[in-house]
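Each chain, written out:
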Amino acid sequence: MAVGVFDLFSIGIGPSSSHTVGPMRAAAVFAEELKASGNLDRVASLRVDLYGSLAATGHGHGTMTAILLGLEGFHPEKILPEEVEDRLAAIAQTGTLQLAGSVALPYGVKDMVLRPLTILPRHTNGMTFTVSDADGAVVHSATFFSVGGGFIVREGEEDAALKELAESKKELPLPFRTAAELLGRCQSKGLSIGEIMFVNERASRTEEEIREGLLHIYSVMEGCVEVSLKREGLLPGGLKVRRRAPDWHERLMKENRGQDPDYRDPKYWQEWVNLIALAVNEENASGGRVVTAPTNGAAGIIPAVLYYALHFAPGMDKATQQDRDDVVVKFLLTAGAIGVLYKEQASISGAEVGCQGEVGSASSMAAAGLAEVMGGTPQQVENAAEIAMEHNLGLTCDPIGGLVQIPCIERNAIAAAKAINAAKMALWGDGSHRVSLDEVIVTMRETGKDMSSKYKETAMGGLAVNVVEC
């Protein structure tokens, strides 16, 4: 199917969309196929092989535990954090996995085969699931790739997936693959970028479903922040990274000085943006419930910039709830349209193109969303997206210890500020600019190809090798 806004903004668990959400989704698909085949009762053994980046940083990203949950039949968008804890504790205690929720197999994290130096042709995030009967004969086997943002592709079906994508786009009222095509649609129809995306979404959902769905997405983003602000102490994983969001929130609330609890002093807008980004990514780092936006590693940027739009953009101090809901819907639709360009022309996978594909794409999407809700023309919105990505080009992905903590958490706050600045710069212009968004997207893709594999979510370069973990 054509990539839509609800593909780019999906609900899952942390800490990584490509290393946690995608593998869990692939494992769940495998388990469902096995169950549907009628061969589940023949299964006597299980083998899971992880390749490339999944193997190199799997422990820090929760890849293995996510796969265990997926093999039991859980899906990332439905499982709750408390269910995660309960099932993983049961598997660790008993040493037994409930394959497809019904067949008990002695299997755990230690049984997975890690091949960090073996890169499969399609993508560095490869995984193979194989089940055999008591005689050792293979009952079912499949290889999947987690290609970023929780998206998965099965080996051997890449061409079919591309063909299906092309065919499904023909069914859209206003299809686009490039920013030039998107701007052309805006000009010919007299619509904004967000409105073009809305028309396309209506091909598969009603207006009410789109609106309710996007407002639900934002409610999960808000809920993520609320939960994070109640947690204190150190993040899991051994780096001893201290949660900062609760203390920062307490300090900011003191600055209200008796004002209404909903009041936000404009002079502290940067601190509030930082807070939201940090809160979301601290929750993501602890394996909490987040929204891929468009990935988990970059999950804090869009919520932070949208928070800015709702609390600090001109006129929002007098906005009704209806006005605020309209802003959320318009923002996410516009950001989604820009996300489609990155997903289809380049990549949103840190393991494929570095962090420019995750944080860079999110910053670009957020800048576009903010520019649109602040009254920008399609040309200004495209300019905002271009500025944000242009100044994230070459961003590497080298998390210390393979954990989505350093530099990931602070990087979201920095990128959110870049997005806001990019939107403001674009709005002070007339939309004309020297470098197009399409040129920047192509540059990002080519830069990712040229980038050393050490800097693509392997924990083998950069900060990951130059900072002592303990």
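This structure is a prediction, so every number in the text was calculated from the model and none was measured. (Residues numbered from 1 in each chain as written. Predicted model: local features only at pLDDT ≥ 70, side-chain atom pairs only at ≥ 80, totals over all residues. Heavy atoms only, no water.)

Enquirer: In this structure, what is going on with the layout of surface pockets? I would like to understand it.
Expert: If a probe the size of a water molecule is rolled over the atoms, the empty space left behind becomes visible. Counted as a void, the second largest pocket has a volume near 660 Å³. At the level of elements, α9 (207-228), α11 (269-285) and α12 (301-311) are the ones that each hand at least two residues to the lining of the second largest pocket. The element contributing the most residues to the lining of the second largest pocket is α9, with five residues. Looking at side-chain class alone, the lining of the second largest pocket contains 17 nonpolar, three polar and six charged residues. (1 Å grid on protein atoms, 1.4 Å probe; cavity = no way out; pocket = protein on both sides within 12 Å on 5 of 7 lines; lining within 4 Å. Points joined across faces, edges and corners; volume = space filled by probe spheres on them. Helix = DSSP H or I, 4+ residues; strand = E, 2+ residues; numbered from the N terminus. Nonpolar A, V, L, I, M, F, W, Y, C, P; charged D, E, K, R; others polar.)

Enquirer: Honestly, the pattern of salt bridges in this entry has me stumped. Any pointers?
Expert: Should the charged atoms of two oppositely charged side chains come close, the side chains can pair. All told, the structure shown has 14 salt bridges when counted by the stated rule. Here Arg242 ties to Asp247 by a salt bridge, and the two come within 3.3 Å at their closest N and O atoms. According to the relative accessible area criterion, Arg242 is partly exposed, its value standing at 45%. Look at the salt bridges and you will find they share partners, linking Glu33, Arg154 and Glu157 into a network. (Salt bridge = Lys/Arg side-chain N within 4 Å of Asp/Glu carboxyl O. Buried < 20%, exposed > 50% of the residue type's maximum accessible area, 1.4 Å probe, protein only.)

Enquirer: Help me understand the packing of aromatic side chains in this model?
Expert: Two aromatic rings are characterised by how far apart their centres lie and by the angle between their planes. Per the stated rule, a full pass over the model turns up five aromatic pairs. Ring centres of Trp269 and Tyr308 lie 5.2 Å apart, and the angle between their planes is 70 degrees; on these two criteria the pair is classed as edge-to-face. Residue Trp269 is located in helix α11, and its partner Tyr308 is located in helix α12; the two are separated by 39 residues in the primary sequence. Relative accessible area serves as the criterion here: at 24%, Trp269 is assigned to the partly exposed category. An aromatic cluster of at least three residues, connected via ring pairs, comprises Phe30, Phe129 and Phe144. For the cation-ring pair, Lys343 lies above Phe151, with the distance from its terminal atom to the ring centre recorded as 4.0 Å. In this structure, Lys424 packs its charged tip against the face of Trp269, placed 4.8 Å from the ring centre. (Phe/Tyr/Trp six-rings, centres within 6.5 Å; stacked < 30°, edge-to-face > 60°. Lys NZ or Arg CZ within 6 Å of the ring centre and 35° of its normal.)

The quantities given are spatial measurements derived from coordinates; they are silent on function.
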